[in-house]
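Summary of structural features
Below are the chains, spelled out letter by letter.
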Amino acid sequence: MALLPRARDKTRGIFLTYQARGYLQANDVEQALAVTSESLDLATRIGAPRCVTLVRDLAPAFKPYRQVDGVPELLERLRAC
């Protein structure tokens with residue numbers, strides 16, 4: 001992903017979302033949270049609704065981890081999108 005130019009930020013956002021899903025499947029919630037937040041920030045900044053939707057689709061996978069610092073805030077951000 002580091003090789004992607006800024007013109008490919010939508011692609012970067014999609015890849016970050018896929019990476020976050022992988023972290024969630026591996027029960028690495030902290031990494032998933034960081035990558036998901038990065039993806040959401042990027043998608044919001046560039047105005048990429050498809051990317052925002054992909055990130056929002058991760059919300060159910062975070063719900064079992066509501067006790068982890070940062071997860072409730074992320075879920076609230078996703079609801080507001």
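Just above, that's the structure.
Everything in this summary refers to the structure shown in the same document. (Residues numbered from 1 in each chain as written. Predicted model: local features only at pLDDT ≥ 70, side-chain atom pairs only at ≥ 80, totals over all residues. Heavy atoms only, no water.)

1. A word on the overall build of the protein
Rules: The numbering of helices and of strands both runs from the N terminus, where a helix is a DSSP run of H or I of at least 4 residues and a strand a run of E of at least 2. Radius of gyration: over C-alpha atoms. The globule rule applied is 2.2 Å multiplied by the number of residues raised to the 0.38 power. Only protein chains enter the accessibility calculation, which uses a 1.4 Å probe; a residue is then buried when its area is under 20% of its type maximum, exposed when over 50%, and partly exposed in between.
Looking only at helices and strands, the protein features five helices and zero strands. Sequence-ordered secondary structure for the protein, helices as α and strands as β, is α-α-α-α-α. Since a compact globule built from 81 residues should have a radius of gyration of about 12 Å, the 12 Å found for the protein is in line with a globular shape. Taken across its 81 residues, the protein has 41% of its residues classed as buried.

2. Observations regarding the nonpolar core
Filter applied, for reference: Put simply, a nonpolar core is a bunch of buried Ala, Val, Leu, Ile, Met, Phe, Trp, Tyr and Cys residues held in one set by side-chain atoms that sit within 4.5 Å of each other. Here, residues are in contact when the closest pair of their heavy atoms is within 4.5 Å.
If you look at the biggest cluster of nonpolar residues, it comprises 25 residues, and the most contacted ones within it are L24, L40, F62, Y65, V71, L74 and L78. The set of elements that each furnish at least two residues to this core consists of α1 (9–25), α2 (29–46), α3 (49–56), α4 (59–62) and α5 (71–80). Of all the elements, α2 adds the most residues to this core, at seven residues. Apart from the residues lying within four places of it in its own chain, the contact partners of L74 are L33, T36, S37, L40 and F62.

3. Description of α3
An α-helical turn contains 3.6 residues, so a residue and the one three or four places further along point in the same direction. Inclusion rule: What the arc measures is the spread of directions leading from the helix axis to the C-beta atoms.
Every buried residue of α3 is accounted for by C51, V52, L54 and V55. Buried positions in α3, seen along its axis, are confined to an arc of 160° and lie on one side of it. Those residues of α3 that are exposed and angled more than 90 degrees off the buried face are P49 and R50. Residues of α3 that are buried make contact with α1, α2, α4 and α5.

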